[in-house]
There are 4 protein chains.
Amino acid sequence: MRTQQQVDEAASGGRAPLRVAVVGAAGYTGVELLRLLLEHPHARIVAVYGRSRIGESIAEIFPSLAGRLELALRALDVDELAASADVAFLALPHGESAPVAHALAERGVLVCDLSADLRLRDARVHTEWYGGADADSPLRARAVYGLPERHRAELATARVIAVPGCYPTATILAIAPLLARGLVSPDGLIVDAKSGVSGAGRTPALAAHFPEAGEGLRPYKVAGTHRHTPEIEQELALAAGRELRLTFTPHLAPMSRGILACVYATPTSPTRAAAEYQAALEEAYADEPFVVVLPPGQLPDTAAVRGSNRAHVAVALDARAGRVLAIAAIDNLVKGAAGQAIQCMNLALGLPERAGLDGAALFP
Amino acid sequence: MRTQQQVDEAASGGRAPLRVAVVGAAGYTGVELLRLLLEHPHARIVAVYGRSRIGESIAEIFPSLAGRLELALRALDVDELAASADVAFLALPHGESAPVAHALAERGVLVCDLSADLRLRDARVHTEWYGGADADSPLRARAVYGLPERHRAELATARVIAVPGCYPTATILAIAPLLARGLVSPDGLIVDAKSGVSGAGRTPALAAHFPEAGEGLRPYKVAGTHRHTPEIEQELALAAGRELRLTFTPHLAPMSRGILACVYATPTSPTRAAAEYQAALEEAYADEPFVVVLPPGQLPDTAAVRGSNRAHVAVALDARAGRVLAIAAIDNLVKGAAGQAIQCMNLALGLPERAGLDGAALFP
Amino acid sequence: MRTQQQVDEAASGGRAPLRVAVVGAAGYTGVELLRLLLEHPHARIVAVYGRSRIGESIAEIFPSLAGRLELALRALDVDELAASADVAFLALPHGESAPVAHALAERGVLVCDLSADLRLRDARVHTEWYGGADADSPLRARAVYGLPERHRAELATARVIAVPGCYPTATILAIAPLLARGLVSPDGLIVDAKSGVSGAGRTPALAAHFPEAGEGLRPYKVAGTHRHTPEIEQELALAAGRELRLTFTPHLAPMSRGILACVYATPTSPTRAAAEYQAALEEAYADEPFVVVLPPGQLPDTAAVRGSNRAHVAVALDARAGRVLAIAAIDNLVKGAAGQAIQCMNLALGLPERAGLDGAALFP
Amino acid sequence: MRTQQQVDEAASGGRAPLRVAVVGAAGYTGVELLRLLLEHPHARIVAVYGRSRIGESIAEIFPSLAGRLELALRALDVDELAASADVAFLALPHGESAPVAHALAERGVLVCDLSADLRLRDARVHTEWYGGADADSPLRARAVYGLPERHRAELATARVIAVPGCYPTATILAIAPLLARGLVSPDGLIVDAKSGVSGAGRTPALAAHFPEAGEGLRPYKVAGTHRHTPEIEQELALAAGRELRLTFTPHLAPMSRGILACVYATPTSPTRAAAEYQAALEEAYADEPFVVVLPPGQLPDTAAVRGSNRAHVAVALDARAGRVLAIAAIDNLVKGAAGQAIQCMNLALGLPERAGLDGAALFP
């Protein structure tokens, strides 16, 4: 067998591979980052960091990696990380990530932060929803919101990337083009979204206990209490060109992966034909590698994007009731987290955007 | 062991038991009717009718009934049924049910029709959504819409009952009291509803094939194309006191049973407190045996009503965005079909409304 | 509405209802006991005890009981319990139950202990598998192993009942009649059993976390390490008339409820026909209210017994390979726990054995 | 964007890519072949053939491929296929595959046949289990049984490969090394195996209907009636060096993918230590790229191999009862079908065995 280095060099066409580290590797976002990075032609995983089970092999923690990755989990040391890696993915709890991001960015590491710490541009809004701890992070102004379909140009020069939340990704991809083109009103938007249970993380909790979550479906944090609300509003306001407030209802569905977001909007013209909404989406995403606009009559299904970085979006006009319905399905751990982070890394480093991310969904 | 007859008489306190027949017993609504009727203190199942597998024991068709019910499936003969049964539950496909209902009603049988054939009062609306075949059924004017919480008085004298659809039941229970009290506008209602797969029936189909439906969630028949739309509109118009049109989006979720309906509405006053919506629901359902208004902060979960005839309803005010969210969870096969049909029968025959239906949900 | 007391008296035919208490009511066995006892014509639930969430309504802890049972959880006081209840169901962790059982039995309460504390007759075997704490409980000699199909006569006079484990129930029901009749050898038995996740209890743990347990199947505690092994051996030894050792392999399957046990045995005669094994089971269970021997060619399915106290058993002869395969399916929370405990109570109190337990399975 | 051809050439290092065709592309094995082949660095999918929905885009049939593969389904023409492709994967029903395999092999195409038509070497055994239609296929003598871990040398020169069934793959990988080393007896083997529902194919059927298959677990085709029995026996006889007969029990579990096989065997020496069985497996699979021998104490879980070509195997000694338990978990559609077929193709063409197959499992 060839050595890993030889494999790397061959895969990356002679170019020295990117050295990447994953911080918070013992959670679901962590393992998904590892799964994807192992297939990335230009990346080599050099270190995995965690907060417990230090010293254990990552393959003990995730048997799905057995035979594929043999690194041991380490306690985080930012100097060590900066010395050994070019890129760091931070899959840390909200509130713990910003200081690490700061320390690593200062040391020249490209930071892809998957927490919410740096997503909100307005420090006051951040304080309102998350408390004041990281509100004044010096990175807040520099961090680029890592949704390539909305911020590709900024990502090209980003050094700190705030990777979006899963619900915002699905929601924004579904409705932003219609807002940006003025086809629907920014007022009165309703987002009814459904998530798989992996979105709640790997820490055991009653709400995610199999007998409680299996065979049941339920809303939670309704009526403007879920923290993804201001993040969605921030980005849709950018698309619409003015402030807006919307209703966001998340649900927990009995599946491991997947988010389906249905966005209800009011047309700005009552006589516009359904084909115009369809055309707007198709035009918006014509060159996007990871957004599939479904043909009229076909609707998104989370089962069709499982394990993939693709978003499936569709639009329908309810002419009877005067509503436009924009729908998106993504895998919350891929396009909603790990895959999107890697897509952002690719853009920030000038790599092909699809690198390591082009795999088809696992169906069934 | 005592004979079944002795058991019946003891259970019903000496009263001669009701003789009931189930037509269309080989489907999911059929087996749920049988399960519930077996526990009914005043009913005795005298015949089960089907369209195929004639002559087979119902326990072969549904091993869940083995040791509990030993009748063989028979081909329908309305004269025979009328001679042997006092009540008939019709779990037949739409379009096949109305003629049978008519024949049985003429022969003096109390008919609980679980199809959509007789639910819409306006023949033109029926024609528009279901075609003209049964539009002019002589029963249309006589059939009572079998939602006891809205039509209890009419049910007391009903001889033909059009048992509501599963989505309409959940939707109407959630929002009708708020409409009836003028707390929300009849305009712009949005219903985002999610159903378990049993709602699609027992006939194998790709959309309900386990590898397709498991671990996936998807909308279907969106934007005013699902036939439950006019049924919901009819009943909410009655509550609101005027016509209305709404947006209804059904989804298929990876669970066998359950419907969760989220209804989004606009308050008629922007300053009304959340407690007023809560109070309206509590008042509306104070004496209802099968509607539980959850306390503020608790939200409906389909897992909490599985196998039960209870509906769990809740209301939340999104003051930020100016929306009221009314939510209901039911078991689509019980309160959404078989249980509600039996509840209607109880009312039509002057039996205790809870008879045979008081069982707690199966959790987990 | 009638008062609960009037309902009770009517249901129990004038007889004063049994007063029952559930200790450990906040777990899955607890809620299942409550669900079943609520339907019991002769029982009234007078108290629910727990170790945490004291003072909370049981309907907050289990919304499935909302509208049906309004008791608050209390901290256990054995004197109070003995003063208010005739029967106590103990759904406590192993090691905590025997002392409570003792205190209650001394105060004259009929004790149905669902823990493993008193199941093993031999104190040395108990010590070997569970440690010595309760090995010398004075109840060990008095407690009756609560499997009615094997110990009905003893149960008639029992005052302390050790309700069997879920795996032992399924396994013993499948194979004991064949051992008792000498049709299969007691040597070399293999039990391959699969359980739903509710068997692991309600306390959140990684192995039962939805994303870990969903869409996966795995064995655990294999090769003679699961504590149900000696319990199965004890009862099969009684059936066989001599000691035996077997291989027991439990699995966790992605479903909430159900146990399927496949028992592999060697025929004592290589030429015996399949029909003789079938006849043996049918004869053994001819008068049993809760065991259904499936006809040849039909096989047990956990989905057909969900929520029911019935066991489905079948036997097949693999003539090619010289093996007999005995299979049983039960609901682990009903026939494998709560239902069986109530069945035992019925027998110990001279009530009809089926009382409160005759409900058909919830399918689908 | 680069053209597909440029991508292909770059990926395959300048080498002309292999042209592959998938026959029977509209089933689950078909879509999994496509998913994997799309990631293969040396392969290019040139045609997809089906029996219905001819002319439809494969992305309409499988939305999981949208944006990734745009071929239309064609009716099979063996001359056309032979002219355009170097390799054909046949995912056809049993009985339809052998004639196609013959026609393609005659035309020089490398044939990977995923049906059972050519797996059994003995025509009489084939006739006994599958009927006589293809018993005398001229390919029977030439076809190599495509389990690389047992037949790697033969595969190097194979032109027709009979890809093993899913149950045989898991079973043989678990127990063959112990048989080959004489550590366990060939007599009295018992295989208790559990499969996800995708193993039943994509054609809707009651047994795979979501409400029937969800939340339930059941055996089927027990006691020597499942057609994988002779296939397992054939290969284990080769390992053991003599004929044998075993008991095989398949089960359907409520998950989409995965097979878990537990093989029960009798040690040839009662005093051998557990470590010797462990060492035998580790030695047997030391150089295998796709078999992971789990460390002692860790057990296979189908969730850890989902989407991966890896098998996880483990062995445990039940010293109390004198049994060895060998366990394997695979993804039935990958190592149990499509992945294994590609692994065989790689070997037959002298490509790196891991090519296109090295992806880690999708967890959770």
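The following refers to the structure shown. All of these numbers come straight from a predicted model, not from anything done at the bench.

Considerations on the interface of chain A and chain C
Counting from both sides, the interface comprises 19 residues of chain A and, opposite them, 19 residues of chain C. Buried area between chain A and chain C, summed over both chains or domains, comes out near 1,600 Å², and the portion from carbon and sulfur atoms is 63%. For chain A, the biggest contributors to the area lost against chain C are Pro204, His209 and Phe210 of chain A; these three give 40% of the whole. In this assembly, chain A and chain C are joined by two salt bridges. Note that Arg202 of chain C is salt-bridged to Glu212 of chain A, the shortest N-O span being 2.7 Å. Between the two partners, chain A and chain C, sit eight residue pairs in polar contact (both at pLDDT 80 or more). Looking at the side of chain A that touches chain C, the element that brings in the most residues is helix α9 (residues 210-213) of chain A, giving four residues. Its residues assigned to classes, the side of chain A that touches chain C comprises 11 nonpolar, six polar and two charged.

Digging into the sheet that holds strand β14 (residues 323-330) of chain C
Residue and element names in this part refer to chain C. An order of β9-β10-β8-β11-β14-β13-β12 is seen for the seven strands of this open sheet, with the pairing classed as mixed. Both outer strands of the open sheet, β9 (218-219) and β12 (291-293), are each paired with one neighbouring strand and no more. Sheet topology places β9 next to strand β10 (residues 247-252); two bridges connect them, and they run antiparallel. Within β10, the position partnered with Arg218 by the bridge is Leu252.

Some remarks on the side chain of Gln343 of chain A
Residue position: Gln343 of chain A is located in helix α12 (residues 334-348). If we skip the residues at most four places from it in the chain, Gln343 of chain A touches Pro148, Glu149, Arg152, Phe290, Asn309, Lys335, Glu353 and Leu357 of chain A.

A look at the environment of Val20 of chain D
Residue and element names in this part refer to chain D. Within the fold, Val20 resides in strand β1 (residues 18-23). Through-space distance from the C-alpha of Val20 to that of Phe89 is 7.7 Å; in sequence the pair is 69 residues apart. What Val20 contacts, discounting residues up to four positions off in sequence, is Leu37, Ala43, Arg44, Ile45, Val46, Ala47, Ala85, Val87, Phe89 and Met345.

Observations regarding the pattern of salt bridges
Under the criterion given, the structure shown has 100 salt bridges over all chains. The salt bridge involving Arg218 of chain A is made with Asp301 of chain B; its shortest N-O contact spans 3.7 Å. Within this pair, whereas Arg218 of chain A is found in strand β9 (residues 218-219), its partner Asp301 of chain B is found in the loop between β12 (291-293) and β13 (311-318), the two belonging to separate chains. On the basis of relative accessible area, Arg218 of chain A is assigned to the buried category, the value being 14%. A salt bridge links Glu149 of chain C to Lys335 of chain C, with the shortest nitrogen-to-oxygen separation between them at 2.8 Å. In this pair, Glu149 of chain C is assigned in helix α7 (residues 148-155) and Lys335 of chain C in helix α12 (residues 334-348), connecting sequence segments 186 residues apart. For Glu149 of chain C, a relative accessible area of 11% gives the class buried.

Quick look at the sheet that holds strand β14 (residues 323-330) of chain B
Residues and elements named next belong to chain B. Strand order in the open sheet formed by seven strands is β9-β10-β8-β11-β14-β13-β12, with mixed pairing between adjacent strands. Each of the sheet's edge strands pairs with one partner strand only, and the pair in question is β9 (218-219) and β12. Two strands pair when backbone bridges link them, and strand β11 (residues 259-265) and β14 are joined in this way by seven bridges, in the antiparallel orientation. Looking at β14, one finds that Cys262 is bridged to Ile327.

Rules of the game
Residues numbered from 1 in each chain as written. Chains lettered and ligands numbered in written order. Predicted model: local features only at pLDDT ≥ 70, side-chain atom pairs only at ≥ 80, totals over all residues. Heavy atoms only, no water. Contact = heavy atoms within 4.5 Å. Buried area = accessible area lost by both parts, 1.4 Å probe. Salt bridge = Lys/Arg side-chain N within 4 Å of Asp/Glu carboxyl O. Polar contact = N/O pair within 3.5 Å; in protein donor to acceptor, adjacent residues only side chain to side chain. Helix = DSSP H or I, 4+ residues; strand = E, 2+ residues; numbered from the N terminus. Nonpolar A, V, L, I, M, F, W, Y, C, P; charged D, E, K, R; others polar. Pairing = 2+ DSSP bridges. Buried < 20%, exposed > 50% of the residue type's maximum accessible area, 1.4 Å probe, protein only.

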